[in-house]
Amino acid sequence: MPQQSTPTPDVPKYDPNGQPILANPSLTLDKAKGQSVLPPLDKTLLHPLRPAINTTGIAYQDANPVNVLLVIPTTNKFKVRLLSEHLSKHKPDHVALSSLEVKADSQVGEQPYDSAGPQGAFNRVANAANKLFADAEEVKKLRDRRVGTVVVGAVENFIEREASYYTAKDGQKKSGPVDYGVLIFCRVSLSPSCPDKERVCWGSPGVSGGVTVPLDFMEWAMKFGFEDEGKRHGKVTVGEVIAANTGIDKADWHEPLAGTSRYDLLKEAMGRMEVPWPEI
């Protein structure tokens, strides 16, 4: 059965500057506690479209395939550290690794719901790669350093609104909103010997364990609207609503409400993934 919710006010309010007023007296910490940590979402449920990456003219003669540049499409310090530390720890001995942060949009709103989450991760990877390869100065730097392989990695948390799961406490099957993280790597070869059809290699997505979402808080976040007609690209994150009403960190509400950090769940998921390193 879906989680039962307590009605929240129907009409959201905004301040004189047009910013949403997220405080809501009906949303209290006692209603948010007791969220559950669940196993990873089945990857077969993910069906993102793979956006095109424009590789026209990026191959060059002196490209060294084992000279790898990790492109991280975010300025979020945790995500940068998560991706760079994982690749540094697990890189093959023959690979020389460096990294670059490239800010790129996910195109799925502040709060992705359902299929928008995985799509956002793929969009962020493609947008970062296309932004890098369209920048003449950055391309010159790649060639000056003889970078032969670019690996782009992205992390995107999202809410599956009607996830089905079994509770650990009594083993009962339930359905309701669950927050998951999806991770993706994509390898782009700059070597002229690489066939064009193999120049872009998408890795298999990884999915973190999930944390059940306090339903009342999500319903209030959704009242502030969406950026798309399908209502999957939310304008206000559930984390922002939780923070405004409880003082909990909007980026990691998972630990105080469910006892497990979002970041630990993402680390575990990345540990199960394979990075598409260049083949020698």
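Residues numbered from 1 in each chain as written. Predicted model: local features only at pLDDT ≥ 70, side-chain atom pairs only at ≥ 80, totals over all residues. Heavy atoms only, no water.

Engineer: Can you help me understand the pairing of strand S5 (residues 96–101) in this one?
Structural biologist: In summary, the side chains of a regular strand alternate between the two faces of the sheet. Bridge count between strand S4 (residues 64–72) and S5: 6 bridges; the pairing is parallel. Along S5, the bridge assignment pairs Val71 with Leu100. Taking the sense of rotation as the criterion, the β-α-β connection linking S4, helix H2 (residues 77–90) and S5 turns out right-handed. (Pairing = 2+ DSSP bridges. Helix = DSSP H or I, 4+ residues; strand = E, 2+ residues; numbered from the N terminus. Right-handed = clockwise from strand over helix to strand, strands pointing away.)

Engineer: Teacher, can you tell me more about the pattern of salt bridges here?
Structural biologist: Once the charged atoms of two side chains with opposite charge are near each other, the side chains can pair. Overall, the coordinates contain 5 salt bridges when judged by the stated rule. Of the charged contacts, one joins Lys140 and Asp144 as a salt bridge, the two residues approaching to 2.8 Å between their closest N and O atoms. Of this pair, Lys140 and Asp144 are both found in helix H4 (residues 136–144), 4 residues apart, which corresponds to roughly one turn of the helix. For the pair Lys140 and Asp144, a shared accessibility class is recorded, and that class is exposed. Across the pair Asp196 and Arg199 runs a salt bridge whose closest N-O atoms are separated by 3.4 Å. Owing to a relative accessible area of 66%, Asp196 belongs among the exposed residues under this scheme. With a relative accessible area of 4%, Arg199 lands in the buried category. (Salt bridge = Lys/Arg side-chain N within 4 Å of Asp/Glu carboxyl O. Buried < 20%, exposed > 50% of the residue type's maximum accessible area, 1.4 Å probe, protein only.)

Engineer: Help me understand unusual backbone geometry, please; the structure alone is not making it clear to me.
Structural biologist: With a phi angle near 65°, Gln107 is a residue other than glycine that sits in the positive phi range. Relative to the assigned elements, Gln107 resides in the loop between S5 and strand S6 (111–112). Using a relative accessible area of 47% as the deciding quantity, one classes Gln107 as partly exposed. Backbone geometry at Asp114 places phi at a positive 55°, although glycine is not the residue there. You can see Asp114 is positioned in the loop between S6 and helix H3 (116–133).

Engineer: What exactly am I supposed to notice about the nonpolar core here?
Structural biologist: Side chains of a nonpolar character, in soluble globular proteins, are inclined to be buried together. Val71, Phe133, Val150 and Leu190 are the most contacted members of the largest nonpolar core, which has 36 residues in total. Listed by contribution, the elements that provide at least two residues to this core are S4, H3, strand S7 (147–166) and strand S8 (173–189). Broken down by element, this core gets its largest block of residues, 8 residues, from H3. Setting aside residues no more than four positions away along its own chain, Phe133 makes contact with Ile53, Asn54, Ile58, Val139, Leu142, Val150, Val188 and Leu190. (Core = buried A, V, L, I, M, F, W, Y, C linked by side-chain atoms within 4.5 Å. Contact = heavy atoms within 4.5 Å.)

Engineer: Hey, could you run me through the layout of surface pockets in this one?
Structural biologist: To find the voids left in a structure, one rolls a probe of water-molecule size over its atoms. Computed from the structure, the largest pocket encloses a volume of approximately 750 Å³. In this structure, the largest pocket is lined by 26 residues; those nearest its centre are Asn76, Lys79, Glu110, Thr237 and Arg262. Those elements that place two or more of their residues in the lining of the largest pocket are S6, S7 and helix H6 (238–246). No other element matches the 3 residues that S7 contributes to the lining of the largest pocket. (1 Å grid on protein atoms, 1.4 Å probe; cavity = no way out; pocket = protein on both sides within 12 Å on 5 of 7 lines; lining within 4 Å. Points joined across faces, edges and corners; volume = space filled by probe spheres on them.)

Engineer: Looking at this structure, how should I read empty space enclosed by the protein?
Structural biologist: In total, this model carries 1 cavity of 30 Å³ or more according to the counting rule given. A volume near 40 Å³ is recorded for the largest cavity. What lines the largest cavity is Pro73, Thr74, Lys79, Leu83, Arg124, Gly153, Ala154 and Val155. Mapped by element, the contributors of at least two residues to the lining of the largest cavity are H2 and S7. Per-element tally for the lining of the largest cavity: the top contributor is S7, with 3 residues. A per-class count over the lining of the largest cavity returns 4 nonpolar, 2 polar and 2 charged. (Nonpolar A, V, L, I, M, F, W, Y, C, P; charged D, E, K, R; others polar.)

Engineer: Got a minute to help me understand the pairing of S4 in this structure?
Structural biologist: The buried fraction of S4 is high, at 7 of 9 residues. As paired elements, S4 and S7 share 5 bridges and run parallel to each other. Its bridge partner being in S7, Val71 is matched across the sheet by Val152.

Engineer: What exactly am I supposed to notice about the packing of aromatic side chains here?
Structural biologist: Any two aromatic rings considered together are summarised by their centre-to-centre distance and by the angle between their planes. Inspection of every chain in the model, using the stated rule, returns 6 aromatic pairs. Note on Trp220 and Phe224: the rings are 5.2 Å apart at their centroids and 80° apart in plane angle, and the pair reads as edge-to-face. Relative accessible area serves as the criterion here: at 3%, Trp220 is assigned to the buried category. A residue is classified by how much of its surface remains accessible, and Phe224, at 4% relative accessible area, is buried. By way of ring pairs, the aromatic residues Tyr14, Trp220 and Phe224 are connected into one cluster. (Phe/Tyr/Trp six-rings, centres within 6.5 Å; stacked < 30°, edge-to-face > 60°.)

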